[in-house]
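What follows is each chain in one-letter form.
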Amino acid sequence: MRYMLTIYGDPSGMSEASTEERQAELGRWFTYTEDLQKSGALVAGDALQESATATTLRFNGGGGEPAVTDGPFAETKEQLGGFYELECANLDEALEWAKKIPVRGGAVEVRPVQDFSQEGAGQ
């Protein structure tokens, strides 16, 4: 089963860090990603640019054109920073991988990816 691990954190978390601290932090993330690759669990993953680069479409439910606005979907302290998509045997395995994410504060949401193949999609 595929799981999406979405990573939320304070976008200013490393703003005061030295170059050495930033490199060490990136090293932890690269090691985690390598471990996922070696295990065969990694389907996809990427970091996102800062939330100020986001564009949001808001749908009014009336079938008209969506409103397009600059910026993130919601004003929050924590912002979506990236994701990993994993192939895991079950939720427990996905949670074990999520616990190893080297995020400083914030949250990691673990959610199963919807499988539409059971509904005849893609056949």
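If you're wondering where the values come from, they're calculated on a predicted model, not measured in any experiment.

## What to know about the pairing of strand β5 (residues 79-87)
Here strand β1 (residues 2-9) runs beside β5; their pairing, made up of eight bridges, is antiparallel. From the neighbouring strand, I7 faces β5, where its bridge partner is G82. Bridge analysis of strand β2 (residues 42-47) against β5 gives five bridges, and the strand direction is antiparallel. Bridge pairing in β5 places L42 opposite L86.

## Quick notes on helix α2 (residues 91-99)
Of the residues making up α2, those classed as buried are A94, W97 and A98. For α2, the angular spread of the buried residues around the axis is 100°, confining them to a single face. Opposite the packed face of α2, turned more than 90 degrees from it, sit the exposed residues D92 and K99. The secondary structure elements touched by the buried residues of α2 are β1, α1 (19-39), β5 and β6 (107-112). For α2, the side-chain oxygen to backbone nitrogen distance between the N-cap and D92 is 3.1 Å, and the N-cap itself is N90.

## Points about the sheet that holds β2
The four strands are arranged β2-β5-β1-β6 in an open sheet whose pairing can be described as antiparallel. The open sheet has two free edges, formed respectively by β2 and β6, since each of these has just one partner strand. Adjacent strand axes in the sheet meet at a mean angle of 20°, parallel and antiparallel pairs treated alike. Sheet strands touched by α1: β1, β2 and β5. Its angle to β5, the strand with the most contacts, is close to 25°.

## With respect to the packing of aromatic side chains
Under the defined criterion, the tally for this structure stands at two aromatic pairs. Measuring from ring centre to ring centre gives 5.2 Å for Y32 and Y84, while their planes differ by 75°; the resulting arrangement is edge-to-face. Placement of the pair is Y32 in helix α1 and Y84 in strand β5, with a sequence separation of 52 residues. A relative accessible area of 4% means that Y32 is categorised as buried.

## Observations concerning the environment of P112
On the secondary structure map, P112 appears in strand β6. Separated by 25 residues in the primary sequence, P112 and E87 place their C-alpha atoms 9.8 Å from one another. Setting aside chain neighbours within four positions, we find P112 in contact with M1, R2 and Y3.

## Overview of the pattern of salt bridges
The full count for this structure, using the stated rule, is five salt bridges. Between E85 and R2 there is a salt bridge, with its nearest N and O atoms 2.5 Å apart. In this pair, E85 is assigned in strand β5 and R2 in strand β1, connecting sequence segments 83 residues apart. Exposure remark for R2: the relative accessible area of 33% places this residue in the partly exposed category. The salt bridge involving K99 is made with E96; its shortest N-O contact spans 3.3 Å. Remark: E96 and K99 occur in helix α2; sequence separation between them is three residues, near one turn of the helix. A relative accessible area of 63% means that K99 is categorised as exposed. Judged by its relative accessible area of 42%, E96 falls in the partly exposed class.

Quick notes on the rules
Residues numbered from 1 in each chain as written. Predicted model: local features only at pLDDT ≥ 70, side-chain atom pairs only at ≥ 80, totals over all residues. Heavy atoms only, no water. Pairing = 2+ DSSP bridges. Helix = DSSP H or I, 4+ residues; strand = E, 2+ residues; numbered from the N terminus. Buried < 20%, exposed > 50% of the residue type's maximum accessible area, 1.4 Å probe, protein only. Arc of directions from axis to C-beta. Contact = heavy atoms within 4.5 Å. Polar contact = N/O pair within 3.5 Å; in protein donor to acceptor, adjacent residues only side chain to side chain. Axes fitted to C-alpha atoms, helices over the stretch in contact; angles between N-to-C directions. Phe/Tyr/Trp six-rings, centres within 6.5 Å; stacked < 30°, edge-to-face > 60°. Salt bridge = Lys/Arg side-chain N within 4 Å of Asp/Glu carboxyl O.

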